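# Descriptive analysis of the structure
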Amino acid sequence: MKGILICGHGSRDPEGVDGFKTLVALLQKRYPHRMVDYGFLEFSHPVYAAAVERMYLAGVREITAIPAILFAGGHAKNDIPYEMNTLQSQYKDLKITLGRHIGITPSMLQLAQQLIERSEAAAPALDRKDACLLLVGRGTSDPDANSDVAKMTRMLGEGMGFGFATTAFIGVTQPLLKDLLPVIDHLPYKRIVALPVFLFTGVLLKKIYTQLDEFSNVSDKEIIYTRSFECNELLLQTIDERIREAEEGNPNMNCQLCKYRTQIIGFEEEVGKEQVGHHLAVKGILFEEDEKIGDKTTVLTKVKKILGI
């Protein structure tokens, strides 16, 4: 029996988890002759190990694992492969084939275009040459993954005819959204169209919206923004493509600029670095209903308890 495992990251926001589960439910209908299940890297249940065990007990002996990750940062390059390799070693008669992350595809660009056009339709008419497109990514410690956000910015900005297009991040790398907004404010554009590059809502997406709303209160520019990608047919088509690639034996990532395989300026010491997970201490951690979502003290307390310190 064959199965498909959708590998999510997990979220501290229940709405984000619900969005991911809706995606899985749609894929279950899309692949009725296979077992489609899901797992999370951190903050949510089930973890990957529990999902694989559930599939194995149901009779699945071939699993195609698809990372529901937009860009190839540490989660796609290290954490998920490490988890799948570890699980593969625990089951002698189970084959796990790992596909690649979602990435930039024609379907995902079309989906981004639809989101932008939908937000524009709800605002006063304005020539795009008088607007600045702003893509906001998660931000990672991998310049290759960050460059993909910038690449998407260029493809949408040029393809849709915006007067200017630029990229910001909500964490980890530069430029941060809060730092770039004042810079854009000095540019001669009447509107900022912000596209957060996230699959589903969550703590970080809501943080982006808050920063945009706060900035709109002190800026003369009109600021509009899109929703997350969510469970659109175009996203499902991209996942179909990733499943097909993996099962046809060609799930290869673009590794030409991977900091683990070649010398990238500023990251030379990471060439050949061991492929190991970085989320072992927080894997499976949940937040009780009476705790504040995102409370750093709560996370730290639980990590210390797990590690026995």
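Everything numeric in this text was worked out from a predicted model, so none of it was measured.

A word on the sheet that holds strand β7 (residues 191–196). In spatial order, the strands read β6-β5-β7-β8; together these four strands make up an open sheet with parallel pairing. Edge positions in the open sheet fall to β6 (164–169) and β8 (222–225), since each of these has one partner strand only. Mean inter-strand twist for the sheet, computed between neighbouring axes without regard to direction, equals 25°. Bridge count between strand β5 (residues 131–137) and β7: six bridges; the pairing is parallel. Paired with V136 across the two strands is P196, which belongs to β7. Across the sheet, helix α5 (residues 143–160) touches β5, β6 and β7, and the angle it forms with β6 is around 155°.

Moving on: the sheet that holds strand β4 (residues 95–98). Reading across from one edge, β2-β1-β3-β4 is the order of the four strands in this open sheet, with parallel pairing throughout. The open sheet has two edge strands with one neighbour each: β2 (35–40) and β4. The sheet shows a mean angle of 25° between the axes of neighbouring strands, direction not considered. Sheet topology note: the strand β1 (residues 2–8)/strand β3 (residues 62–67) ladder contains six bridges and is parallel. Paired with L5 across the bridge in β3 is A65. Across the sheet, helix α3 (residues 74–88) is in contact with β1, β3 and β4; its angle to β4 comes to roughly 170°.

Glancing now at the confidence of the model for the protein. In the predicted model, the protein carries a mean pLDDT of 87, and the fraction of residues at 70 or more is 81%. Across residues 287–300, confidence stays below pLDDT 50; counting only partners more than four residues off in sequence or on other chains, it has 15 contacts.

Following H45, the chain continues into P46 via a peptide bond in cis, with omega recorded as 0°. With respect to the helices and strands, P46 occurs in the loop between β2 and α2 (48–57). Positioned with a positive phi, F43 is a non-glycine residue whose angle comes to about 70°. As for its placement among the helices and strands, F43 is situated in the loop between β2 and α2. Of note, E230 is a non-glycine position whose phi angle comes to about 60°, a positive value. A relative accessible area of 27% places E230 in the partly exposed class.

This part covers the packing of aromatic side chains. Applying the stated rule across the entire model yields seven aromatic pairs. For the ring pair Y56 and Y91, a centre distance of 4.8 Å and an interplane angle of 50° mean the geometry is tilted. Of this pair, Y56 sits in helix α2 while Y91 sits in the loop between α3 and β4; the two residues are 35 residues apart in sequence, bridging distant segments of the chain. Pair check on accessibility: Y56 and Y91 agree, each one buried.

How each quantity is defined
Residues numbered from 1 in each chain as written. Predicted model: local features only at pLDDT ≥ 70, side-chain atom pairs only at ≥ 80, totals over all residues. Heavy atoms only, no water. Pairing = 2+ DSSP bridges. Helix = DSSP H or I, 4+ residues; strand = E, 2+ residues; numbered from the N terminus. Axes fitted to C-alpha atoms, helices over the stretch in contact; angles between N-to-C directions. Contact = heavy atoms within 4.5 Å. pLDDT = per-residue confidence, 0-100. Buried < 20%, exposed > 50% of the residue type's maximum accessible area, 1.4 Å probe, protein only. Phe/Tyr/Trp six-rings, centres within 6.5 Å; stacked < 30°, edge-to-face > 60°.

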